[in-house]
Amino acid sequence: IYTLVPKRLKNGVLFISSLFFYAWGEPIYVSIMLFSTVVDYTLGRMIDRYRHRIGMAKGALIASIIINLSLLGFFKYSNFFLENLNQWFGLDMALLQIALPIGISFYTFQTMSYTIDLYRGKTQVQKNFIAFGAYVAMFPQLIAGPIVTYQTVAKELNDRRQTTDDFAEGISRFIQGLGKKVLLANNIGLLWETIKATPADQLSLTAA
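Residues numbered from 1 in each chain as written. Predicted model: local features only at pLDDT ≥ 70, side-chain atom pairs only at ≥ 80, totals over all residues. Heavy atoms only, no water.

Q: Just checking my understanding: could you explain the packing of helix H5 (residues 129–137) against helix H6 (residues 150–158) for this structure?
A: Between two packed helices, what matters for the description is the angle formed by their axes and the separation of those axes. Between H5 and H6, the least distance of the axes is 11 Å, while the angle of their chain directions is 135°. The pairing of H5 with H6 is recorded here as oblique in orientation. The interaxial crossing formed by H5 with H6 has right-handed handedness. Within the contact between the two elements, H5 uses Ala-131, Phe-132 and Tyr-135 and H6 uses Tyr-150, Val-153 and Leu-157. Across the contact of H5 with H6, the residue classes break down as 6 nonpolar, no polar and no charged. (Axes fitted to C-alpha atoms, helices over the stretch in contact; angles between N-to-C directions. Helix = DSSP H or I, 4+ residues; strand = E, 2+ residues; numbered from the N terminus. Parallel < 35°, antiparallel > 145°, perpendicular 65-115°, else oblique. Left-handed = near helix turned anticlockwise from the far one by under 90°. Contact = heavy atoms within 4.5 Å. Nonpolar A, V, L, I, M, F, W, Y, C, P; charged D, E, K, R; others polar.)

Q: Mind showing me how you'd approach the nonpolar core here?
A: Where a protein is soluble and globular, its nonpolar side chains tend to be buried together. Within the largest apolar cluster, 32 residues are counted, with the highest numbers of intra-cluster contacts made by Tyr-22, Met-33, Tyr-107, Phe-132 and Tyr-150. For this core, the elements supplying multiple residues, two or more each, are helix H1 (10–25), helix H2 (30–49), helix H3 (54–89), helix H4 (104–119), H5 and H6. Here this core gets 7 residues from one element, more than from any other, and that element is H2. Apart from the residues within four sequence positions on either side, Tyr-22 is in contact with Tyr-29, Val-30, Met-33, Pro-101, Ile-102, Tyr-107, Leu-142 and Ile-143. (Core = buried A, V, L, I, M, F, W, Y, C linked by side-chain atoms within 4.5 Å. Buried < 20%, exposed > 50% of the residue type's maximum accessible area, 1.4 Å probe, protein only.)

Q: Can you walk me through a nonpolar patch on the surface in this structure?
A: The grouping of Phe-167, Ile-171, Phe-174, Ile-175, Leu-178, Val-182, Leu-183, Leu-184 and Ile-188 at the surface amounts to a nonpolar patch, some 970 Å² of accessible area in total. In this structure, Phe-167 sits in helix H7 (residues 164–196). Residue classification places Phe-167 among the exposed positions, given a relative accessible area of 59%. (Patch = residues over 30% accessible without salt bridge, like charges linked within 9 Å, V, L, I, M, F, W, Y side chains within 5 Å. Areas by Shrake-Rupley, 256 points an atom, 1.4 Å probe, with all protein chains shown as cover. Salt bridge = Lys/Arg side-chain N within 4 Å of Asp/Glu carboxyl O.)

Q: Would you mind going over the environment of Pro-146 with me for this structure?
A: Looking at the secondary structure, you find Pro-146 in the loop between H5 and H6. With a relative accessible area of 58%, Pro-146 lands in the exposed category. Remark: the alpha-carbon pair of Pro-146 and Tyr-107, spanning 39 residues in sequence, is separated by 9.9 Å. The contacts of Pro-146, once residues within four sequence positions are left out, are Gln-110 and Gln-141.

Q: For this particular structure, what's the right way to read H6?
A: The α-helix winds at 3.6 residues per turn, so residues separated by three or four positions along the chain end up facing the same way. Looking only at H6, the buried set comprises Tyr-150, Ala-154 and Leu-157. On an axial view of H6, the arc spanned by its buried residues comes to 80°, and they lie on one face. The exposed set on the far side of H6, more than 90 degrees from its buried face, consists of Thr-152 and Lys-155. Looking at the buried residues of H6, the elements they touch are H1, H4 and H5. (Arc of directions from axis to C-beta.)

Q: Would you mind showing me how to read the packing of H2 against H3 here?
A: H3 packs onto H2 with a crossing angle of 165° between their chain directions and a minimal axis gap of 8 Å. When the axis of H2 is compared with that of H3, the two are roughly antiparallel. As for how H2 packs across H3, the hand of that crossing is left-handed. On H3, the residues that touch Ile-32, Phe-35, Ser-36, Val-39, Asp-40, Leu-43, Met-46 and Ile-47 of H2 are Ala-57, Ala-60, Leu-61, Ala-63, Ser-64, Ile-67, Asn-68, Leu-71 and Phe-75. Residue classes in the contact of H2 with H3 are distributed as 13 nonpolar, 3 polar and 1 charged.

By themselves, these observations are geometric and do not establish any function.
Shown next, in the form of structure tokens:
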């Protein structure tokens, strides 16, 4: 579909397919990712519009950081704090029945990188919401990283070209990565699971 549609629709295909990919595993929490996308797109426009008014631009940046880190902190650390409060003060507060949204760390820091780079003048404002959404939700690295800063892909979001040579290089890199995953990472993971299940007093110095 991406190959067949006109150039102006390609980011839309990436955005919609990425949302579908994420919603397949996280049908509820896709709303959190969309919220972060809308917030940082809007605050980015504000930073650009009020660049000459330092207070307004800085306020938008601070709002972006606070909102993003608050979301991340709530889902990752709320139960950690409740457990510690219960232990320290002998309380019996019930833990929150919430799951950690897949990939929340990655897309949180990606959206923050946009507002931070924009405020620091390292990149241009993205006025197309679909293009910005494609950057945030890009399915190949959405749930496992790596974190891609906005300025790294800003040019390609607006204007990119496809060639047979680039496509062939991409296939080659994909095969190499798959090989490393299957031959190395999976087997090292199995070895780690075995060691982790072994009591510490039964581990030899070499194994440890």
